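Observations on the three-dimensional arrangement
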Amino acid sequence: RMVNRLKGVGIDEIACLIDFGVDEDSVLESLDMLANVRERSARDEARDAEKWSVAAQLARHQVTHLQCTPSMASMLLAQDEARVALGSLKKLMIGGEAFPPQLATELQSLTNAEIVNMYGPTETTIWSSTYHVNGDAGSIPIGQPIANTEFYIVDRNLQPVPIGVPGELLIGGAGVVRGYYNREELTSERFVPNRFRPSGGRLYRTGDLARFRADGVVDFLGRIDHQVKIRGHRIELGEIEAIVAAQPGVREAVVVAREDSPGDKRLVAYVVATPGDTVDQLSVREALKTQLPDYMVPSHVMVLDAFPLTPNAKIDRKALPAPESGALAAATQSFVAADNDLERTIAGIWQEILNVPRVGVQDNFFDIGGHSLLTVRVHSRLRAAVDRPVSLTDLFRFPTIRSLAKHIGGAVATVNVVEESLDRAETRRQAMMRRRRGQSATTSSQDLQ
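Structure report, in brief. (Residues numbered from 1 in each chain as written. Predicted model: local features only at pLDDT ≥ 70, side-chain atom pairs only at ≥ 80, totals over all residues. Heavy atoms only, no water.)

Together, Asp-23, Glu-24, Asp-25, Glu-29 and Asp-32 give the surface a local cluster of negative charge. Its place among the elements puts Asp-25 in helix α2 (residues 24-51). On the basis of relative accessible area, Asp-25 is assigned to the exposed category, the value being 54%. (Patch = residues over 30% accessible without salt bridge, like charges linked within 9 Å, V, L, I, M, F, W, Y side chains within 5 Å. Areas by Shrake-Rupley, 256 points an atom, 1.4 Å probe, with all protein chains shown as cover. Salt bridge = Lys/Arg side-chain N within 4 Å of Asp/Glu carboxyl O. Lys, Arg positive; Asp, Glu negative; His and termini not counted. Charge placed at Lys NZ, Arg CZ, Asp CG, Glu CD. Helix = DSSP H or I, 4+ residues; strand = E, 2+ residues; numbered from the N terminus. Buried < 20%, exposed > 50% of the residue type's maximum accessible area, 1.4 Å probe, protein only.)

In structure tokens, the structure reads:
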């Protein structure tokens, strides 16, 4: 009860003091009780996670309107309870990323809700246009501007382009913000005077490539630069490329966002080694983890002899090869096979969802191609395959098959925890004794003087 009260006020870690004056048997017995409290707390957490899941709250509050990103919608589709809950919605608003047509088709098969594609950058107060999806099998447009908002599509000289011709999308109107705080140079670059209206005002240069249809609807075609969105995060590929290129042995680097499996967009880094050097892909990824947030670390690092080029000698990003299935998994630490039914069950689920030929029990889920969206699919499969509570956070806390199997099995590595605790306690005790002896020696020396 006390642990749950502490959780309620935001405390997520509790330290336990072990007194060196207590006999060893009593300490070991107490550690068993502490491990029991920890396990019971984890079970409560798993039950609470189910109670406060999106699906549970949709049903509990009889929600009629839901707004989320395509990534979030994909996560919900991976959960049976959420698929049922989506059926009761009246309006589903999707935005923040490009809306994949196949995702729209699946959502339309589950719910009679009106599905709206919403578009707009933060710099124009989030939403700038909407489009009501209605059986669109091809690309889904971003629609037409909302009230008090204007769209202009221009060429590199900021001149309007004809209908059907791609150009950069500029946004004007009441939603355009004043600029970037204390970044005057960037503000002047991205916000330009509105020369298309007598009243003036300013336009925001989105950097998005778009075109007008004859009916005034706007198609989103991608980026004019190398900025992408991965699972809701806006990412500048050039920033990652600069860090990859700075790694030992790397002469050139290119980073692209690939979607080789529908709905599974990933960053892939391609490198060319300096003559006479070799590049270890795992070392590069480990180095990137120390310099970049997780969502910016490429899932794969591929070493090429040379980059493919276009006829005008620029890197042909579209011709870069797809990562081989399981290439990263094969390059991880020595393969260790599963040795019990639970580990084999988890390994089978990982292999299917990650599309890799084999998985070792010591392989890290996120090092072999896993990410937050795929953990939802793994979680859904695990809940159906095992008869013990598993929370979504467990997949992040225990990213290897062995550690996850121990947790699900109830062991939670208790023996190791006890041994490690005793080892640390013994180390601290010895250090304390050395300090005391040092203090005594100093005191004796002073007394002699």
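Turning to helix α9 (residues 281-289), a few remarks are in order. Spacing of three or four residues puts side chains on the same side of an α-helix, whose turn is 3.6 residues. Of the residues making up α9, those classed as buried are Gln-281, Val-284, Arg-285, Ala-287 and Leu-288. Viewed along the axis of α9, the buried residues span an arc of 160 degrees, placing them on a single side of the element. (Arc of directions from axis to C-beta.)

As a further point, take the sheet that holds strand β2 (residues 91-95). Sheet architecture is open: 5 strands sit in the order β1-β2-β3-β4-β5, paired in mixed fashion. Across the chains shown, the open sheet's two edge strands, defined by having one partner strand only, are β1 (65-68) and β5 (144-145). Here 2 bridges tie strand β4 (residues 129-133) to β5, and the two strands are oriented antiparallel to one another. By the bridge assignment for β5, Ser-129 is matched with Pro-145. Here helix α6 (residues 101-110) sits on the sheet and contacts β2, β3 (114-119) and β4; the angle it forms with β3, its principal contact strand, is near 150 degrees. (Pairing = 2+ DSSP bridges. Contact = heavy atoms within 4.5 Å. Axes fitted to C-alpha atoms, helices over the stretch in contact; angles between N-to-C directions.)

Turning our eyes to something else, we now look at the side chain of Glu-241. Along the chain, the position of Glu-241 falls in helix α8 (residues 237-245). At 3.2 Å, the side chain of Glu-241 and the side chain of Arg-317 are in polar contact. The residues touching Glu-241, leaving out its near neighbours within four places in the chain, are Ala-253, Val-254, Val-255 and Arg-317. (Polar contact = N/O pair within 3.5 Å; in protein donor to acceptor, adjacent residues only side chain to side chain.)

Among the 6 residues in strand β6 (residues 149-154), 6 count as buried, and that is most of the element. What you see with β6 is no split at all: Thr-149, Phe-151 and Ile-153 on one side and Glu-150, Tyr-152 and Val-154 on the other are buried throughout. Two elements, β6 and strand β7 (residues 167-173), share 6 bridges in a ladder whose sense is antiparallel. Considered in β7, the bridge of Glu-150 is made with Gly-172.

All chains considered together, the criterion is met by 16 salt bridges. For Glu-286, the salt bridge identified is with Lys-289, shortest N-O distance 3.2 Å. On the criterion of helical spacing, the pair formed by Glu-286 and Lys-289 is a turn pair, its members being 3 residues apart in helix α9. The class of Lys-289 is partly exposed, set by a relative accessible area of 29%.

Before going further, it helps to spend a moment on α6. Turning to α6, its buried residues are Leu-103, Ala-104 and Leu-107. For α6, the angular spread of buried residues about the axis comes to 100 degrees, placing them on one side. Turning to α6, the residues buried within the fold contact α4 (70-77), α5 (80-86), β2, β3 and β4.

Moving on, we get to a nonpolar patch on the surface. Together, Val-9, Ile-11 and Ile-14 give the surface a local cluster of nonpolar side chains, amounting to about 270 Å² of exposed area. When you line up the elements, Val-9 lands in the loop between α1 (2-8) and α2. Exposure remark for Val-9: the relative accessible area of 64% places this residue in the exposed category.

Contact geometry of α4 with α6 gives a least axis separation of 11 Å together with a crossing angle of 50 degrees. Regarding the angle of α4 to α6, the classification is oblique. α6 is crossed by α4, and the crossing has left-handed handedness. From α4, Pro-70, Ala-73, Ser-74 and Leu-77 reach across to α6, where they touch Leu-103, Glu-106, Leu-107 and Leu-110. Taken together, the residues of the contact of α4 with α6 break down into 6 nonpolar, 1 polar and 1 charged. (Parallel < 35°, antiparallel > 145°, perpendicular 65-115°, else oblique. Left-handed = near helix turned anticlockwise from the far one by under 90°. Nonpolar A, V, L, I, M, F, W, Y, C, P; charged D, E, K, R; others polar.)

So, about the packing of helix α11 (residues 341-354) against helix α12 (residues 372-385). Orientation of α11 relative to α12, taken along the N-to-C sense of each, is 145 degrees, at an axis distance of 10 Å. α11 and α12 meet at a crossing whose hand is right-handed. Residues Thr-345, Ile-346, Ile-349, Trp-350, Glu-352, Ile-353 and Leu-354 of α11 form the contact with α12, whose participating residues are Leu-374, Arg-377, Val-378, Arg-381, Leu-382 and Ala-385.

Below, the discussion takes up the environment of Lys-90. Positionally, Lys-90 belongs in the loop between α5 and β2. Under the relative-accessibility criterion, Lys-90 is labelled exposed at 58%. Placed 21 residues apart in sequence, Lys-90 and Thr-111 show a C-alpha to C-alpha distance of 8.4 Å. When sequence neighbours within four positions are dropped, the list of residues in contact with Lys-90 reads Thr-64, Ala-113 and Glu-114.

Moving on: the nonpolar core. Ranked by size, the top nonpolar core spans 23 residues in total, and within it Leu-86, Leu-92, Ile-94, Phe-99 and Leu-107 carry the most contacts. Setting aside chain neighbours within four positions, we find Leu-107 in contact with Ala-73, Leu-77, Leu-86, Leu-92, Ile-94, Phe-99 and Ile-115. Of all hydrophobic cores here, the second largest spans 22 residues; its members include Leu-354, Val-386, Phe-398 and Leu-404. (Core = buried A, V, L, I, M, F, W, Y, C linked by side-chain atoms within 4.5 Å.)

Inspection of every chain in the model, using the stated rule, returns 8 aromatic pairs. Each ring, one from Phe-191 and one from Tyr-204, has its centre 5.2 Å from the other, and the planes form 45 degrees; the classification is tilted. Remark: Tyr-204 occurs in strand β9 (residues 202-212) and Phe-191 occurs in strand β8 (residues 191-193); sequence separation between them is 13 residues. Here Phe-191 and Tyr-204 have matching classes, each one buried. (Phe/Tyr/Trp six-rings, centres within 6.5 Å; stacked < 30°, edge-to-face > 60°.)

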